[in-house]
Amino acid sequence: MIDWELAIKTACGGFGLVFGILVLLGVSVELTRIITERITGDKK
Amino acid sequence: MLFGLLETGFPLFYWGNALMIVIGLAFIYLAIAKKMEPLLLVPIGFGMILVNLPLGGMMDYEMVLRSPQAGTVIEAPMQKGDNFEKGGIVYRLDSGEVTSPVFGRIENLKVFQGQHVEKGEALALIITMEQTNQAQYPTRPVGLLSRIFQFGVMWQILPPLMFLCLGALTDFGPMLANPKTLLLGAAAQFGVYLAFFLSLLFGFNMTEAASIGIIGGAEGPTTIYVTSILAPHIIGATAVACYSYMALVPIILPPVIRLLTTKKERGIYMKPSLRKVSKLEKILFPLVTTIIVILIVPSSAPLMGCFMVGNLFKESGVTDRLNKTAQTTFVDIITIFLTLAIGASMPAQNFLQPRTLLILVLGVVSFASAAAAGVILAKGMNLFLKEKINPMIGAAGVSAVPMSARVVQVMGQKENKQNFLLMHAMGPNVAGAIGAAIAGGVFLGILG
């Protein structure tokens, strides 16, 4: 017997989490760029 | 029996073994004649041939069959050397039948008619080639490839090490230059969850469904890693589906892309030059990613940690020897062990089942829907972007690095000779690899 509640939570929560983490990584990449540009004074 | 001395494999050879050998030969043909993923398909194909030659013993496991209840043996229908299917009756006790949870052959009978046995007492020694849930039915590998499989794959050593090598081979530069492409890699993970749901609807349990879904991540090591923990009995099917579809990316991706895009959209021009990414950014990325991802999804640590340390070897500039080894000798050694063992996990008795065919179908659905989700999101992003992106690069979010990016490049060139999409497609491509590892970690965190 499949626990559909757990299945829906796993799928929706899982996809949301993966998406959220990758968005967070995108934000961190941009922040890193800005910070490193300030440190090195190297504006691109 | 040859000359009454040597037991040959002929009496045990059946049509299923012949069919699997033909499939193995087809893999080797595709690799040699068509140059399709030869480093993977040659050893996988050869492993399939090896394991389907009876009595070769390369993938054998010993398993002690224990009595599920106390009772007296009324009948022992099998003899030493007899073969049986899964569920075959090995003993009849006065309290009920004792069946085998795996297919295999009798190596040794330990109790006989009229003997009383206690619950949990060893009844017989069985030789099998089936992967079992070790907590429920512990086995001991006794063949060369079963030892490699047990200690390399089932102990989850080889897949993370393969990820380390992939990390050393990956350039995150295109993704760092255009972080929007991370979204496309994320969207492509939709295929994982769609296939997860479809698998449940087709009667697979949760752990099996997760292992089938992760095929859509198009990362062989991730698929093997997740399946080895959640559903080891279907690892042959999920691994072969993943690696086969990675080899078939040039066939699967183009129709999906053409179906979802117009000729005009496929011809959208993207400037070939990307922002130059500094060395410091490239060094910081694996460190920041490791910390963020593992703090949020701890169960992704073996894959993500190895992926990122491999990448740090490449980008740090001070570990050239480690980087060179990971990119060359080490990746080759891991590939040999992993792919031979995966090929050998496909004995006919285990592989030729309707469920395997269903897994292969669900796998291709997972793959295709992952590519479709990437394309659809790219089209959606174009509604808001001033500088449009070619929606075909969304299909590269399916990972399968770098094959899917190459397919996008070839298709882009056909539509517009001026378009060089390879570097743009590499962004979602490597983002897809990260996304797949996170998706695998999430499944393990919830269901493991």
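Residues numbered from 1 in each chain as written. Chains lettered and ligands numbered in written order. Predicted model: local features only at pLDDT ≥ 70, side-chain atom pairs only at ≥ 80, totals over all residues.

With that out of the way, let us pick up the sheet that holds strand β2 (residues 71–75) of chain B. Residue and element names in this part refer to chain B. The four strands lie next to each other as β5-β4-β2-β7, forming an open sheet whose pairing is antiparallel. A single partner strand is all that each edge strand has here, and the edge strands are β5 (96–99) and β7 (116–117). Bridge analysis of β2 against strand β4 (residues 89–93) gives two bridges, and the strand direction is antiparallel. Looking at β4, one finds that Glu75 is bridged to Arg92. (Pairing = 2+ DSSP bridges. Helix = DSSP H or I, 4+ residues; strand = E, 2+ residues; numbered from the N terminus.)

In this section: the packing of helix α2 (residues 38–51) of chain B against helix α16 (residues 329–343) of chain B. Residues and elements named next belong to chain B. Interhelical geometry of α2 versus α16 gives an angle of 45 degrees and a closest axis separation of 6 Å. In terms of axis orientation, α2 runs oblique to α16. For the crossing formed where α2 meets α16, the hand is right-handed. On α16, the residues touching Leu39, Leu40, Pro43, Ile44, Gly45, Phe46, Gly47 and Met48 of α2 are Thr335, Ile336, Thr339, Leu340, Ala341, Ile342 and Gly343. Counted by class, the contact of α2 with α16 contains ten nonpolar, five polar and no charged residues. (Axes fitted to C-alpha atoms, helices over the stretch in contact; angles between N-to-C directions. Parallel < 35°, antiparallel > 145°, perpendicular 65-115°, else oblique. Left-handed = near helix turned anticlockwise from the far one by under 90°. Contact = placed C-beta atoms within 7 Å. Nonpolar A, V, L, I, M, F, W, Y, C, P; charged D, E, K, R; others polar.)

For an interface, size is often stated in terms of accessible area lost upon the parts coming together. Residues and elements named next belong to chain B. In terms of domain boundaries, chain B breaks down into domain 1 (10–57), domain 2 (62–128) and domain 3 (145–447). Summarising the inter-unit geometry, the C-alpha centres of domain 1 and domain 3 are found 26 Å apart. Broken down by secondary-structure element, the contributors of at least two residues to the side of domain 1 that touches domain 3 are α1 (15–33) and α2. A total of eleven residues in the side of domain 1 that touches domain 3 trace back to one element, the largest contributor, which is α2. (Domains from an automatic or database assignment.)

Moving on to the sheet that holds strand β9 (residues 140–141) of chain B. Residues and elements named next belong to chain B. The antiparallel open sheet is built from five strands, whose spatial order is β3-β6-β8-β1-β9. Across the chains shown, the open sheet's two edge strands, defined by having one partner strand only, are β3 (83–84) and β9. In terms of strand pairing, strand β1 (residues 61–66) meets strand β8 (residues 122–128) through six bridges, oriented antiparallel. By the bridge assignment, Glu62 is partnered in β8 with Ile127.

Moving on, we come to the pairing of β8 of chain B. Residue and element names in this part refer to chain B. Taken across its seven residues, β8 has five buried, putting it largely inside the fold. As paired elements, strand β6 (residues 104–109) and β8 share four bridges and run antiparallel to each other. Its bridge partner lying in β8, Ile106 is registered against Ile126. (Buried ≥ 20, exposed ≤ 12 C-beta atoms within 10 Å, placed from the backbone.)

All right, on to the packing of helix α3 (residues 144–154) of chain B against α16 of chain B then. In a pair of packed helices, the angle between the axes and the distance between the axes together describe the arrangement. Residues and elements named next belong to chain B. Where α3 contacts α16, the two axes come as close as 9 Å, and the packing angle between them is 115 degrees. Overall, the two elements α3 and α16 adopt an arrangement that is roughly perpendicular. For the pair α3 and α16, the sense of crossing is left-handed. Contact with α3, carried on its side by Leu145, Ile148, Phe149, Gly152 and Val153, involves Phe337, Leu338, Leu340 and Ala341 of α16 and no other residues of that element. Class assignment of the residues belonging to the contact of α3 with α16 gives a composition of eight nonpolar, one polar and no charged.

Now for the interface of chain A and chain B. Taken residue by residue, the interface counts 25 residues in chain A and 34 residues in chain B. Among the residues forming the side of chain A that touches chain B, the class breakdown is 14 nonpolar, seven polar and four charged.

Formed by 163 residues in total, the largest nonpolar core has its most connected members in Leu22 of chain A together with Ala341, Ala371 and Val408 of chain B. Among the elements that take part in this core, helix α20 (residues 422–447) of chain B stands out by supplying 15 residues, more than any other. Here Ala371 of chain B is in contact with Ala188, Leu253, Val256, Ala395 and Val398 of chain B, once residues within four sequence places are set aside. (Core = buried A, V, L, I, M, F, W, Y, C linked by C-beta atoms within 7 Å.)

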